[in-house]
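Reading the structure
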Amino acid sequence: MITYLEYHKRLGENIKKYRKAKGLTQDKLAELTSFHRVFIAQLEKPDGRRSATLETLFILAECLDVQIKDLLDFESLDCKKN
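My aim in this report is to walk through the structure given alongside it, one point at a time. (Residues numbered from 1 in each chain as written. Predicted model: local features only at pLDDT ≥ 70, side-chain atom pairs only at ≥ 80, totals over all residues. Heavy atoms only, no water.)

1. Observations regarding the pattern of salt bridges
- All chains considered together, the criterion is met by 5 salt bridges.
- When the shortest N-O distance is used, the salt bridge between Arg-37 and Asp-27 registers 3.7 Å. Of this pair, Arg-37 sits in helix H3 (residues 37-44) while Asp-27 sits in helix H2 (residues 26-33), and the two are 10 residues apart along the sequence.
- According to the relative accessible area criterion, Asp-27 is partly exposed, its value standing at 49%. (Salt bridge = Lys/Arg side-chain N within 4 Å of Asp/Glu carboxyl O. Helix = DSSP H or I, 4+ residues; strand = E, 2+ residues; numbered from the N terminus. Buried < 20%, exposed > 50% of the residue type's maximum accessible area, 1.4 Å probe, protein only.)

2. Details of the packing of H2 against H3
- Contact pair H2 / H3: the axes reach a minimum separation of 8 Å and the direction vectors enclose 110°. Relative to H3, the element H2 is oriented roughly perpendicular. As H2 packs across H3, the resulting crossing turns out to be right-handed. Contacts between H2 and H3 involve Gln-26, Asp-27, Leu-29, Ala-30 and Thr-33 on the former and, on the latter, Arg-37, Ile-40, Ala-41 and Glu-44.
- The class makeup of the residues in the contact of H2 with H3 is 4 nonpolar, 2 polar and 3 charged. (Axes fitted to C-alpha atoms, helices over the stretch in contact; angles between N-to-C directions. Parallel < 35°, antiparallel > 145°, perpendicular 65-115°, else oblique. Left-handed = near helix turned anticlockwise from the far one by under 90°. Contact = heavy atoms within 4.5 Å. Nonpolar A, V, L, I, M, F, W, Y, C, P; charged D, E, K, R; others polar.)

3. Observations concerning the nonpolar core
- Core analysis: the biggest nonpolar cluster contains 19 residues, and Ile-15, Leu-29, Leu-60, Leu-64 and Leu-71 have the highest contact counts within it.
- Listed by contribution, the elements that provide at least two residues to this core are helix H1 (4-21), H2, H3, helix H4 (54-64) and helix H5 (68-71).
- Counting residues per element, this core draws most heavily on H4, at 5 residues. (Core = buried A, V, L, I, M, F, W, Y, C linked by side-chain atoms within 4.5 Å.)

Set out below in structure tokens:
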């Protein structure tokens, strides 16, 4: 069974994947979202202390030109790892 922390990890992997696909650094994504770069880093590599709210996901999705469902698509990561 997948753990809560594993979901956070997979969300972080998706954020990073779409950020890099757009050619953005964490600093640039932080600038676009008005989030701190450290917060972006914490989302991309979660340790269980910080989590994304629905509002955060909307902002990230808009800046990354994806839908929230893309950020929450954990199945594609499963296929990639097999």
